[in-house]
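# Overview (structure and organization)
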Protein chains: 2
Amino acid sequence: MKIKIDRHLLLTQLSYISKAIPSKTPLPALMGIKFVVSEEGLYLTTSDSDITINTFLPLEVNDTQVIQIDSIGSIIIPGKYFIEIIKKLNGDIIEISTFEGHYVIIKCGRSEYTLNGLDVSEYPNIELIKHDNPIHLEKQLLKTIIRQTVFSTAHIENRPVLTGVNFRYDADELMCIATDSYRLSKKVIPLNKLHEPFNIVIPGRSLIELSKILDDSHDAIDVYLAHNQVLFQIGNISFQSRLLDGEYPETKDFVPTTFGIEIKANYHELYEAFDRAALIARDQESKVVKLNILPNENKMLITANYPAIGKVEEEVQVEMISGGELRIACSALFILDALKAINKSSVIMSFNGDMYPFILRDQYDETTIQLIVPIRTE
Amino acid sequence: MKIKIDRHLLLTQLSYISKAIPSKTPLPALMGIKFVVSEEGLYLTTSDSDITINTFLPLEVNDTQVIQIDSIGSIIIPGKYFIEIIKKLNGDIIEISTFEGHYVIIKCGRSEYTLNGLDVSEYPNIELIKHDNPIHLEKQLLKTIIRQTVFSTAHIENRPVLTGVNFRYDADELMCIATDSYRLSKKVIPLNKLHEPFNIVIPGRSLIELSKILDDSHDAIDVYLAHNQVLFQIGNISFQSRLLDGEYPETKDFVPTTFGIEIKANYHELYEAFDRAALIARDQESKVVKLNILPNENKMLITANYPAIGKVEEEVQVEMISGGELRIACSALFILDALKAINKSSVIMSFNGDMYPFILRDQYDETTIQLIVPIRTE
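Given the structure is predicted, the values throughout are model-derived calculations rather than measurements. (Residues numbered from 1 in each chain as written. Chains lettered and ligands numbered in written order. Predicted model: local features only at pLDDT ≥ 70, side-chain atom pairs only at ≥ 80, totals over all residues. Heavy atoms only, no water.)

## Things to note about the overall build of chain A
- Within chain A, the secondary structure is distributed over six helices and 28 strands.
- Projected onto its principal axes, the C-alpha positions of chain A cover 80 × 50 × 40 Å.
- Partitioning the contacts of chain A with sequence separation of at least 6, the portion at a separation of at least 24 is 67%.
- Put simply, chain A has 37 plus and 51 minus side-chain charges, and the middle of one group is 5 Å from the middle of the other. (Helix = DSSP H or I, 4+ residues; strand = E, 2+ residues; numbered from the N terminus. Contact = heavy atoms within 4.5 Å. Lys, Arg positive; Asp, Glu negative; His and termini not counted. Charge placed at Lys NZ, Arg CZ, Asp CG, Glu CD.)

What follows is the structure, given as C-alpha cells:
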C-alpha cells in the first residue's frame, strides 16, 4: 500500500473515528485504526466494542484529487500515535505506505515516522447493519433530542437500561425518554410513516459521541435498526452503536399532566438566580436549594443555607403566577441542567405540591418536558 | 461597615489577591480575605504564609467615584465564596455591609448573601517590609527574567534552595539562575547602581504567581529587600514573598564558555521537529531523543525509537554549522522548555561532546542561556 493524501481532509476523518478508539482494551488491534485503501478511496474503521465508526474518503472531493494511489492495501495503524502525528506534521500532503506488511511509514516534509502496524486480519470482524429499510431523520432534530434528554440518563449502572435514552415509535409519534429516577427528560415528536413501531434504548455515551459528529447542517441522516444494534449514516460516516438490553420502565404514570401551581419566568433570570443560589448550597453534590412561590407578591424566592458559610436569598420576578403558595426543595444542579436543555426564552415551571415531581418547559415548545423530583427536607 | 462599590473594579482587586488564598491551612482566618474600609478606600489582604498580597482601591479612580462609604470598618470574609459570589452577581454596584460584627451582607440587584465572617483581630499580623531603600526595576524585565528562568527550578524539595530562583547583584550586574541540576537557566543583565550587593533565593511558586500580576505595561516597580522577605510594589499592589534559606550553589564552573560544535537554526523548525520527535520517545516522562549533527551534510537529525510503537527521524536544515560530527541524547521536553523561553528568532545550540552539558540561546540575546545536561545511553 502506498498513497499520498491531503493532510487536512485526513485529519477531519480522524476526528470522526477518534471517538471510538478505546483507551484500554483486551484486544490490541482495537487500539488501532483499520486503514483500508481500495480503488475507490480510503476506508477508516475504529471500534471500542460499544461503538463502531467507519468513514470513507473518495479519491476526489469537489473535483479536486485528495488521494493519489500508488498501490492499494490495508493495515492496522496505532490509533493514538497516528492521530497525534498527523496533527503535528507540517505540510499539506502526507505519504503513507506499508513496509514488510506490518510497518507503516509516514512521510511529510523532512519528517519520517515508522510505526508498528498489524495485519488487518487481526481486526475483529464487525458487521455494519445497513439494510433496505432505513429511517430518515433530520440531523438537527436528532441533535436536539440528544441535547434535551441525554443528561438525565443514569451514570451508575445498577440499572443498566437507565444509562441509555429510550426511543419509542408507535406509527404516530416518536417518544424519547431519559431518566435516572430522580429526574426525567421527555421529548415527543409527531412523526407519521417514519417506520414500523420500535422500542429501543441507545447508550447515553454513544449518543454523546454521535452528537459531536453531527454538524449544524440540515441534511437528513439514515438510521438503520437491527436486533441489538443501531447504525446512523451521516454522509460518508457510519456510526454504529450497540443497544441496551432490558425493558425500559414505563414512565407514563410518573409524569403529571395537570398542575395546581404554575409560574412563568425569564430564562436568564431563572438560570442566573439558581446558579448564584447554588454557590452557598450545603450539599455540594446536589446543591439543594429551596423555592418559595409567593403568588400574592408575584415572585419566587430561591434560598440556600449552609450554616458553616452563610446563606443566600434570590428573588425572581415572575411573568405569570397561578395557584397558591408553595415551598419545595430540590437540586439546583438538576434545575440548571434542565434549563440548559431549554431554549433561551420564557420558562414555565409547574408544580403539584412539595412532595410531587415538578416540570420545567419552554413556553414555545410543547414537545419537551424536564421533570425533577423534589428533595424532602426536615 | 457599609459601602457601595463598583463590582468590576472589586473583581480586579480580587483577581490579584486570590493568588494567595490557600486551599488548606491550619489557620481558618487565612481562608478569608481581610477586608478593611478606611476613610481613604478599601484595603484587601490575603496570605498563604509564603505569599502575602495587599491591594488598595481608592475612593475615586480617574475622577470617578468607585466606592461610596456609609461607615468604615473591617472584617474577614470567606475568600473562595466571596470571589465566586462577586463574579456571578448581576449588576454594576454592590453593597457590602457587616452585621453584628461577624456577618457580611452582600446585596446586588435582587440577590442577598449573608456570609459568616471573622473579626480582623483573628487575622495573623503580617508586616509588609516597605522601607526607604527600594530597588527600581522595569516591570517587563522582571517578567522576562521569570519567564526565562523559573521553569528550570526543581519541583522536588530534597534540596529546597533549588526550588527557587537565585537573584544575585554585585554592583555591576544582576545575575538570575535557576537549576534543578539537570538543566540550568541563567540571565545576566548589566545594571549599575541598582542597589548594594545582595544574594537571595525567591521561591519559584512565588515568582509564577507574581508574574500573573505583572501586566504588559512598562512601568517601573519597587522591590524591597529584608532579611528573609522580599516585597514587590506594583502600583497599588504589594506582593510579599518569603525567601528561601540556605546557600545557593555556585554554578560558574558548571556552565561552559567555549564550545567545539555549534549550529544555528530557525526557532520554529527546531521547535516543531523536537515536538514531533517527542511523540515517539520511549520514556514518556523525559521524552529522550537523540541528536545527530552532520556538518558535511549541513543538517541535524533528531531521532527517537520506542520499540513497542515505532521510530521517527526529523531532519533540521541548519543556517550555520561549525565543528565536527556529534551524537548526543537528551530530554526533548527540556529542549522544548528551553526553546519556549527563547524569543522566536534564530537559535544557537553549542556543544562540547556527548558527555558535556550543552546550551541553547537566542542569536540576538547575549544575556540569557539555557543549559541542558545530556542523557547517557547505551
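Read on for the rest.
## Re the packing of aromatic side chains
All names here are of chain A.
- Tallied over the full model, the rule gives 15 aromatic pairs over all chains.
- Taking the centre distance of 6.1 Å and the plane angle of 35° together, the rings of Phe99 and Tyr103 count as tilted.
- The exposure class assigned to Tyr103 is partly exposed, which follows from its relative accessible area of 26%.
- Sitting over the ring of Phe334, Arg183 keeps its end group 4.0 Å from the ring centre. (Phe/Tyr/Trp six-rings, centres within 6.5 Å; stacked < 30°, edge-to-face > 60°. Buried < 20%, exposed > 50% of the residue type's maximum accessible area, 1.4 Å probe, protein only. Lys NZ or Arg CZ within 6 Å of the ring centre and 35° of its normal.)

## Observations regarding the UniProt feature "domain: DNA polymerase III beta sliding clamp N-terminal" (unreviewed entry) in chain A
- Here the UniProt-annotated "domain: DNA polymerase III beta sliding clamp N-terminal" (unreviewed entry) positions come out as residues 1–126 of chain A.
- Helix makes up 17% of residues 1–126 of chain A and strand 48%. Its end C-alpha atoms lie 23 Å apart. (UniProt positions renumbered as here; feature names shortened; annotations may be inferred.)

## Let's talk about the sheet that holds strand 24 (residues 320–322) of chain A
Residues and elements named next belong to chain A.
- Pairing is antiparallel across the open sheet formed by nine strands, whose spatial order is 16-13-14-15-28-27-26-20-24. Pairing within the sheet leaves two strands with one partner each, and these edge strands are strand 16 (198–203) and strand 24. Sheet twist, expressed as the average angle between the axes of neighbouring strands with direction ignored, equals 15°.
- Where helix 4 (residues 204–213) meets the sheet, it contacts strand 13 (164–169) and strand 16, and its direction lies at approximately 80° from that of strand 16.
- Strand contacts of helix 5 (residues 267–278): strand 20 (261–266) and strand 26 (346–351), with the helix running at about 95° to strand 20, the strand carrying the most contacts. (Pairing = 2+ DSSP bridges. Axes fitted to C-alpha atoms, helices over the stretch in contact; angles between N-to-C directions.)

## Quick look at unusual backbone geometry
Residue and element names in this part refer to chain A.
- The backbone phi angle of Ser181 is positive, close to 80°, even though this residue is not glycine.
- Mapped onto the elements of the fold, Ser181 is located in the loop between strand 14 (173–179) and strand 15 (183–190).
- A relative accessible area of 42% means that Ser181 is categorised as partly exposed.
- Of note in this structure, Asn298 is not a glycine but carries a positive phi near 55°.
- Within the secondary structure, Asn298 sits in the loop between strand 21 (288–294) and strand 22 (299–306).

## A closer look at the UniProt feature "domain: DNA polymerase III beta sliding clamp C-terminal" (unreviewed entry) in chain A
- Summarizing the sequence annotation, UniProt attributes the feature "domain: DNA polymerase III beta sliding clamp C-terminal" (unreviewed entry) to residues 255–376 of chain A in the numbering used throughout.
- Between the first and last C-alpha atoms of residues 255–376 of chain A the distance is 19 Å; the span itself is 17% helix and 44% strand.

## Some words on the nonpolar core
- Formed by 103 residues in total, the largest nonpolar core has its most connected members in A:Phe35, B:Phe274, B:Met300 and B:Met349.
- Take this core: its biggest share by element is seven residues, from helix 5 (residues 267–278) of chain B.
- Contact partners of B:Met349, with chain neighbours within four places excluded, come to B:Ile261, B:Glu262, B:Ile263, B:Leu270, B:Phe274, B:Leu291, B:Met300, B:Ile335, B:Phe358, B:Ile359 and B:Leu360.
- Ranked by size, the runner-up nonpolar core spans 101 residues in total, among them A:Ala278, A:Phe334, B:Ala20 and B:Leu44. (Core = buried A, V, L, I, M, F, W, Y, C linked by side-chain atoms within 4.5 Å.)

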